[in-house]
Structures are given as C-alpha cells and as structure tokens.
Amino acid sequence: MIASLRRLTACCALGAALAACGTAGSPGPARPAHANPAPSASPSASRPPTLAPGPGGLTPVFEHGPRNLGKTVALTFDADMTADEGPRAASGEHFDNPDLIGALRLLKVPATVFMTGRWAEQYPAQARTLGHDPQFEVANHSYSHYAFTGDCYGLPTVGADGMRKEVERAYASLRAAGVPRPMPYFRFPGGCYDRQALRALGPTGVTAVQWDVVSGDAFATDADAVVQQVLDGVKPGSVVVMHCTRSAAPTTERVVRAVVPELRRQGYRFVKVSELIGETDGHR
C-alpha cells in the first residue's frame, strides 16, 4: 500500500507544493489509525465507519472505495491554512472559497472537507456552517498543516512527539469553531506519511484518508485541463482530492461546475468518504 501511494503521490508534487490550500499527494509516507474516538462525527447519530488498525496498531489508510459496488465517487476538499499564515489572511489573502461551497450546495453534491485547525480559527462561521450542514462532513487535516515527514514539498515539519498533538489540537479547534461532530478521518498535510507517522497517530483512532484521483487544481489556471484530468482519472469508488482556497486554487469552482454534470451523465453518484469507507471490507 505504501509503495503504491508513493507512486501515486509522486504525480502530485505540484499540487501539494503549497501549504496555502490543501495539498495533493506526497512522496511515500504512510497511514493513520484509530485514536481515542476521534470525534464521532457524522450527521447521523451512529458512529461513522472507520477501518480497523493495521499491524501493531498502525493507523489504517484509505485510498478509494470498492470498484465493484456501483459508480460512486467522493469529492474531497482540503481547507488549508498553516499556523504561520495569519498575517497573509490579515492582509487580504483568501484561504476560503465560499463560492465553491455555494456551487456544491446548488448542485446538491455531498462532499468531505478536510480542515486544518488554523483554518477553522480563521473562518469559524464557515466551519460551523459546514459542520451543521448534512450535505457535508468535516474531517481533520492537522492543526498547522506542517508535514509529518521530512522532504514534503517544502512544508515545515512536525516532530514525532508532536504528531498526535497536531491531530488532537485540530479537533479542539474544529469543536471550538462550532463543528459538533468532526469525523474520525485524517488527511496528512501534503499527503506525506511514513510508518513513524502511522504509529504516532495510532492512539487517536483516526482512519487516514488519501485519494486515487489528483485533480491538479492547486495553483492551476486552466480549468479545462483540471476538468479533463479528473474525468480521465475517476473510476467507481474513487476519491478525488481538490482544494477550497481561493488564492491557491482559483479554478476549483469552475472545475466542479463542469465535472459534476458530466460524471452524472456517465452514471456516477456523488457520496461522502464515510459512505465509501462503510462499503469497504475491514471497516468497523
């Protein structure tokens, strides 16, 4: 699994390069496990599905759903903001993208948003609204968006002793912003992880969520090229990684408006990550 992720994430270096808005894959790090019930989150009353821990309690990693259970696809959006980007936000840089969220609502597309704690602190009203909207589920993208491995697209690095704290602090920030039930899912900043990271997050009880389709929307200026990349990559059960930061992914709203009707024309149904995990062997 780790080797295959490395091959996948190597293709995403450009998209993952910036910390400003959810990054795409990264060079070969590993997976997350289940911790103290990372907030049981889901608009429903039941506990969201998670994957069973790996050998030795390693955090499990989820990349895509079953290929043989119908044409489903999950659109995921990284709401990125690093711990040190406050001055940029204060000077007018937009790390949010309300128009994108509005387009998803208009198109009635359920989605999973991986949110950093720092983003939730910067945009608490938006975090709260997403957390209370049953069309969306909000998951953990770390507090600071610092990398959990070295050499991860130039991101600052979190030491092994700070990894669990990053996840727990992010959950605290999400709840403080008004997200009542953040999901027990975690996306590594830059998509970068290794066995040390998976071991460190084991006690948190999260499932690490990667992807199998890189949209290429990060820093893209050609929306048509991004649309084609998504359409070419989607298969039944796919997880697509995109971003919801206006400054770092300015074409994403246009991409969504084009991709959604075309995939529906092809017979695809949009679901949240939790539904795909719930259909996967080994979930609990």
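The written sequence of each chain sets the order in which its residues are numbered from 1. The predicted origin of the model limits local features to residues at a pLDDT of at least 70 and limits the giving and counting of side-chain atom pairs to 80 or more, whereas totals for whole chains, interfaces and linings rest on all residues. Values reported for side chains reflect all heavy atoms of the structure, with hydrogen atoms and water molecules removed beforehand.

Trainee: Tell me about the overall build of the protein chain, residues and numbers included.
Mentor: A count of helical and extended segments in the protein chain gives 11 helices and 11 strands. Accessibility here uses a 1.4 Å probe with only protein chains present; expressed as a share of the type maximum, an area under 20% marks a residue as buried, one over 50% as exposed, and anything in between as partly exposed. Here the protein chain, with 284 residues, has 61% of them falling under the buried criterion. In the protein chain, the proportion of contacts linking residues at least 24 apart, taken out of those at least 6 apart, comes to 82%. Numbering goes from the N terminus for both helices and strands, where a helix is a DSSP run of H or I of at least four residues and a strand is a run of E of at least two. Any pair of residues with heavy atoms lying within 4.5 Å of one another is described as a contacting pair.

Trainee: Describe in detail the packing of aromatic side chains, supporting the description with residues and values.
Mentor: Between rings of Phe, Tyr and Trp, where Trp is taken as its six-membered ring, a pair exists when centres lie within 6.5 Å; planes separated by under 30 degrees are stacked, by over 60 edge-to-face, and by other angles tilted. Going through the model one piece at a time under the given rule, you end up with five aromatic pairs. Between Trp-119 and Tyr-123, the ring centres sit 5.0 Å apart and the planes meet at 50 degrees, which makes this aromatic pair tilted. In this pair, the class of Trp-119 matches that of Tyr-123, namely buried. Between Phe-186 and Phe-188, the ring centres sit 5.0 Å apart and the planes meet at 85 degrees, which makes this aromatic pair edge-to-face. If you follow Arg-169 out to its NZ or CZ, it ends over the ring of Tyr-143, 3.7 Å from the centre. Positioned above the aromatic ring of Phe-114, the side-chain terminus of Arg-187 is 4.2 Å from the ring centre. In our convention, an over-ring charge means Lys NZ or Arg CZ found within 6 Å of a ring centre and within 35 degrees of that ring's normal.

Trainee: So what about the packing of helix 4 (residues 98-107) against helix 10 (residues 252-265)? Which residues, and what values?
Mentor: Relative placement of two packed helices is described by the angle separating their axes and the distance separating the axes. Helix axes are fitted only over the stretch in contact, all axes being lines through C-alpha atoms; the angle between N-to-C directions runs from 0 to 180 degrees. Taken N-terminus to C-terminus, the directions of helix 4 and helix 10 make an angle of 20 degrees; their axes are 9 Å apart at the nearest point. The pairing of helix 4 with helix 10 is recorded here as roughly parallel in orientation. Between helix 4 and helix 10 lies a crossing of right-handed hand. For the pair helix 4 and helix 10, the contacting residues are Asp-99, Leu-100, Ala-103, Leu-104, Leu-106 and Leu-107 in the first and Thr-252, Glu-253, Val-256, Arg-257, Val-260 and Arg-264 in the second. Looking at the contact of helix 4 with helix 10 residue by residue, the classes come out as seven nonpolar, one polar and four charged. Roughly parallel here means an angle under 35 degrees, roughly antiparallel means over 145, roughly perpendicular means 65 to 115, and every remaining angle is called oblique. The handedness criterion is simple: a crossing whose near helix is rotated anticlockwise from the far helix by less than a right angle is left-handed, and one whose near helix is rotated clockwise is right-handed. Throughout this entry, Asp, Glu, Lys and Arg are counted as charged residues, while Ala, Val, Leu, Ile, Met, Phe, Trp, Tyr, Cys and Pro are counted as nonpolar. The remaining residues, Gly among them, count as polar.

Trainee: An account of the pairing of strand 10 (residues 238-243) is needed here, citing residue identities and associated values.
Mentor: Burial runs high along strand 10: six of the six residues are buried. Burial along strand 10 is two-sided: the face carrying Ser-238, Val-240 and Met-242 and the face carrying Val-239, Val-241 and His-243 are both buried. Pairing between two strands requires that DSSP report at least two bridges joining them. The sheet contact formed by strand 3 (residues 72-79) and strand 10 spans six bridges and is parallel. Paired with Ala-74 across the bridge in strand 10 is Val-239. Note: strand 9 (residues 213-214) against strand 10, two bridges, orientation parallel.

Just distances and angles here, no functional claims.
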